[in-house]
Amino acid sequence: MSLDGVHPRAALRSAAFLTAGALAVTLLTGCSADDEAGKPLAGQDIAPAARAQLADGGTLRWAVDAVPDTLNSFQADADATTARVAQAVLPSMYRLDAEGRARRNGDYLESADVVETEPKQVVLYKLNQQAVWSDGREIGAADFAAQWRALSGKDSAYWTARNAGYDRIEKVERGANDLQVRVTFRRPYADWRSLFSPLYPKDVMGTPDSFNDGARRTLKVTAGPFKVKTVDRKKKDVVLVRNPRWWGRPAKLDEIVLHAVPRDKRAAALADGTVDLAEIDTADVRTITGAARGNAGPLRDSDKAASAKALRTWAAAHGFDEDADEAELRKEFAAWQKQQQALRGFEVRKSFELAYTQLALNGAGGPLADERVRRAVARALDRRELAELVLKPLGLPAVPVGSHLALSGQDAYADNSGALGDQDTAEAQALLADAGWVRGGPVTEEKKTEKAAGGEGKKADATKEQEKDEGAEEKTEKGEKADKSEKGSKEEKEGKGKKGSDDAESEGDDDGTYIVGEDDKPSARTAREQMSLGRSGEGGGRHLAQDGVQYADRPHLPGAVPGAYAPKGTAAPAGAAARPLAKDGKALTLRFVVPSGSGSETLRTVADRIARMLDKVGIGTEITKVAEDGYFKDHIANGQYDLALYSWPASAFPATDARPIYAKPVPAADGSLTVEQNYTRVGTDQVDQLFDQAIGTLDRDKARSLIRKADSRIWAAAGSIPLFQRPQLTAARADLANAGAFGFATPVYEDIGFLKKSGKPSASPSRS
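Not measured: the values here are computed from a predicted model. (Residues numbered from 1 in each chain as written. Predicted model: local features only at pLDDT ≥ 70, side-chain atom pairs only at ≥ 80, totals over all residues. Heavy atoms only, no water.)

Visitor: Tell me what's going on with the overall build of the chain, and back it up with residues and numbers.
Guide: Counting its secondary structure elements, the chain contains 20 helices and 27 strands. Within the chain, the fraction of its 768 residues that count as buried is 54%. With the model as given, the accessible surface of the chain reaches about 32,400 Å², and the carbon-plus-sulfur share is 48%. (Helix = DSSP H or I, 4+ residues; strand = E, 2+ residues; numbered from the N terminus. Buried < 20%, exposed > 50% of the residue type's maximum accessible area, 1.4 Å probe, protein only. Areas by Shrake-Rupley, 256 points an atom, 1.4 Å probe, with all protein chains shown as cover.)

Visitor: Tell me about the packing of helix α10 (residues 371–380) against helix α12 (residues 425–434), and please be specific about residues and values.
Guide: Following both chains from N to C, one finds α10 and α12 inclined at 165°, their axes separated by 8 Å at the closest point. Judged on the interaxial angle alone, α12 and α10 are roughly antiparallel. You can see that α10 and α12 cross each other, and the crossing is left-handed. The segment α10 lies against α12, with Arg-372, Val-373, Arg-375, Ala-376, Arg-379 and Ala-380 engaging Thr-425, Glu-427, Ala-428, Leu-431, Leu-432 and Asp-434. Among the residues forming the contact of α10 with α12, the class breakdown is six nonpolar, one polar and five charged. (Axes fitted to C-alpha atoms, helices over the stretch in contact; angles between N-to-C directions. Parallel < 35°, antiparallel > 145°, perpendicular 65-115°, else oblique. Left-handed = near helix turned anticlockwise from the far one by under 90°. Contact = heavy atoms within 4.5 Å. Nonpolar A, V, L, I, M, F, W, Y, C, P; charged D, E, K, R; others polar.)

Visitor: With reference to specific residues and values, describe the packing of helix α7 (residues 282–292) against helix α9 (residues 326–343).
Guide: A pair of packed helices is captured by two measures, namely the crossing angle of their axes and the spacing between those axes. Close contact between α7 and α9 brings their axes to 8 Å; oriented N to C, the two are set at 80°. One way to sum up the angle between α7 and α9 is to call them roughly perpendicular. For the pair α7 and α9, the contacting residues are Thr-287, Ile-288, Gly-290 and Ala-291 in the first and Gln-339, Gln-340 and Leu-343 in the second. Of the residues assigned to the contact of α7 with α9, the class counts are three nonpolar, four polar and no charged.

Visitor: How would you explain the packing of aromatic side chains if you had to name every residue and give the values?
Guide: Applying the stated criterion across every chain, the model contains 19 aromatic pairs. Relative to Tyr-679, the ring of Trp-648 lies with its centre 6.0 Å away and its plane at 15°, an arrangement referred to as stacked. Of this pair, Trp-648 sits in strand β22 (residues 643–649) while Tyr-679 sits in the loop between β24 (673–674) and α19 (685–695); the two residues are 31 residues apart in sequence, bridging distant segments of the chain. Each member of the pair, Trp-648 together with Tyr-679, is buried. (Phe/Tyr/Trp six-rings, centres within 6.5 Å; stacked < 30°, edge-to-face > 60°.)

Visitor: Describe the side chain of Asn-212, listing the residues and the values that go with them.
Guide: For Asn-212, the location among the structural elements is in helix α5 (residues 208–213). Apart from residues lying up to four places away in sequence, Asn-212 is in contact with Gln-75, Ala-157, Tyr-158 and Trp-159.

Visitor: Would you mind going over the pattern of salt bridges in detail, with residue names and values included?
Guide: Pairing is possible between side chains that carry opposite charge, provided their charged atoms lie close to one another. The full count for this structure, using the stated rule, is 36 salt bridges. Between Asp-276 and Arg-61 there is a salt bridge; the shortest N-O distance is 2.9 Å. Here Asp-276, found in the loop between α6 (266–271) and β13 (277–279), pairs with Arg-61, found in strand β3 (residues 59–64); they are 215 residues apart in sequence, far enough to count as distant. Overall, Asp-276 belongs to the buried group, its relative accessible area being 1%. For Arg-61, a relative accessible area of 30% puts it in the partly exposed group. We note a salt bridge from Glu-371 to Arg-375, for which the minimum N-O separation is 3.4 Å. Placement of both Glu-371 and Arg-375 in helix α10 is noted, with a separation of four residues, approximately one turn of the helix. Note on accessibility: Glu-371 and Arg-375 belong to one class, buried. Beyond isolated ion pairs, a larger network of salt bridges with shared partners links Lys-39, Glu-99, Arg-101, Asp-411, Asp-701 and Arg-704. (Salt bridge = Lys/Arg side-chain N within 4 Å of Asp/Glu carboxyl O.)

Written out as C-alpha cells, the structure reads:
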C-alpha cells in the first residue's frame, strides 16, 4: 500500500432524494446492474501491438520499489513486487480483465463450475491438460489440497497472513481423473473464484517449513511463461527468464529484470538506460513530456547577460540553487540537457490504478467520535474540486469515486455517495451546531499540544519521542484559514464519545431503501430554520449510522437544537462569527497528518485544499508533516491522527477483501480495539451483517445488491470519504509494446515485447 494511493466515474447514480434533512437511497428500477457499474473511466494505455509486430528476444528492465523480502504472496511481508513475480511465474485460475472483473484463465483452467449446492457447495475445476510445473509434474489436486491445508488457519505452524475463503473449505479431492479437482465447502462461499490464484506447488505449501522459508528467496518450481532465475539483493534485481516448459504462447522477451529504483531517482534511471519501464510521479511526467516536446532550455539568447538571467530562472524552476556560481549552474544545465535528450526516447502512458485515494476520519475518540461531526466534515468537501485538482492537469477524467467497495466498470460498482450527500456548507454547519459546537464559544487555553485525537492518542507523546530518537523530522503547520485573526487556537483537542443503544433497524424488513437521519428529532435543515426564526421544536431520539454510538446523555434544550446557543437562550455574542467553533472550552481543531517526502507533494496539496474547505464551516485543522517511512505504520495503523489521506486497492471480490477494512472494531481483553484493517475505527453491525450475507450467497445478483447496500451504510457512517481514483503514470520506451499503464487488468507477460524496427503499435493486440 502506497501513501497517496496506499500502496484508487461515469457510472449512473442511484436515485437519491432529500426530505426534511433525511437522505433516502433507492436503486433505479429502470437500470440494470451493468448500467450502474458503468465503464472504467480510462482504459489501458499499453501501446498494444500484435505479436507478429514484436521482435523475438530482448531484456525488459522494469523499475520496482524494492527487491521483495519474500516470494510467497501469502506471507505478511509480501509486497507489490511479490505479486508481480507471482503473476509472471505461477498459475492463476482467474485473472482481472480491463474492467477489473475476474475472468477464467484458459492457460490453466478449461472450466470451473458450482456442480452441487445441496447439501454443500461443490466446485469442480477442470484443468488444462497441458498445464505442468517447470519440473515436468502435472498441476493437479495435490497442489490444490496442499494450498488449502496451509491457508485454512487450522495449523498455526504456517505463518500465513490471511486465510479468507480457504477457511470455508471442508475438503479438496481428485475428481474423475487427474485433470479434475473437487472442492467441497463447509459453508457457501460466493467468492470461490478468488481462491487458488496464485497457486503454489505442493513443494512450497506441503509443510510449515517449506511454506515459511522455502519460497522467501527463490521459487524452484514454477508454471508460468517465465521462471525465477536469480534474486540478487546486491544488484537490487529479480531476474525472470523464459520457462522452457511453458505450453502457452511463448514469451516474446528473453528476460524481465525487476530492478529496485526509488521513485525520486526514476527519471535519471530512465535517462541513463538503467530501466525501460517505470511508474513515475507527477514531477517526472512533466520532465518526460517536456523532453518529448524538445524544450531547448534557457540558453537560446545570443546575449550572454540575458542567458545568465534565463539560466538562473531555469535553476529556480528545476530545483537547483539559483544563487550558485554561474559556472556550476552551466554544468548542471549541461547534465540536464543530456538527460532531456535521453528522455526523448520515452513516453508517458496514463490510466487509473485499481485503487482510490480517500480522506480517513479517525472515529475512535475526540470530536470525530461524534458521527455528526464526521458527516459535517464530509458535507464540507467538494469532492469534484479535489478530483480536478489532481487529475485535470494529468489529462485524466476528474470524476469523484462513488463507492468504497468497487470502481467504475467493476461488477459491484454503484455511486452510493447520495447516502451521505454532496457538498453543502449550510448542512455541515447545522450538523456541527446539532453536535454542540458553537461559533464564538469560550475556549480554555491548554498547554498540552501535539496529541492526536484518535483512540490511542495517549501514545502520541511516546511516539513523538521515538520519532525524535530516530531523527524523524516532524513539522506542524496551521491549515490555511480565511480568517487570519484566529491563528492562536492551535491546541489539539480530545472529546469523549458517548455510548448508547444499537441501531434497531431489521435487515429482514429492509425494502432496499436506506434513510439516514429519519428520527424524531428536528432535521439539520429544520434545526437551522429554528435557529434563524426562533421557533420551538421537539427533541427526541437519534437514529445514527454508527451502531452503538448515541448521545442520550447530552442535554436537549426544549424547543432548540442541543448546543446551538451560547449562552442558553441568548444571541451569540458580538464578534462570534470571527471566533472558532468551540464546545466545553475546547476549539474544534483536527490534526491532519500528511507524509513529508518529496513523492507526496500531491497529497499535501490535497490536504491544504481540504483544510480550506473545512475552515469555511468552522472546522480548524493543524497539518502535521511526518516522516514518510513511518507515516502508515506509526500514525495511520496506530490511530495517531484525526484526518489522513491514503489509498486502498479495489477488488473483484469485495465481500472477501473489503470486509476487514470496514469491520466494526471489537474490544480486546486488555481494553484496546481489534481493528483488523479498519484504521478509521468506525464500523457498524449492519455493515458486518451485509458482508456476511453477501459472502454466503451463490446468487451473484443478490450478492451484488448486498455489497452495494453495505457501501451505502459505509458512506452514511462517514468514517472515510472516497475522493478520486489513483492515477497510474508510467514512463515507457517508445518501442515497448503491450506494457505501460495496465489499468485494472492483469498484465499478459508473454505478449510484452519490443517492436521490430519497422513495427508500429496497432489499435489492439492480437492473440496470434
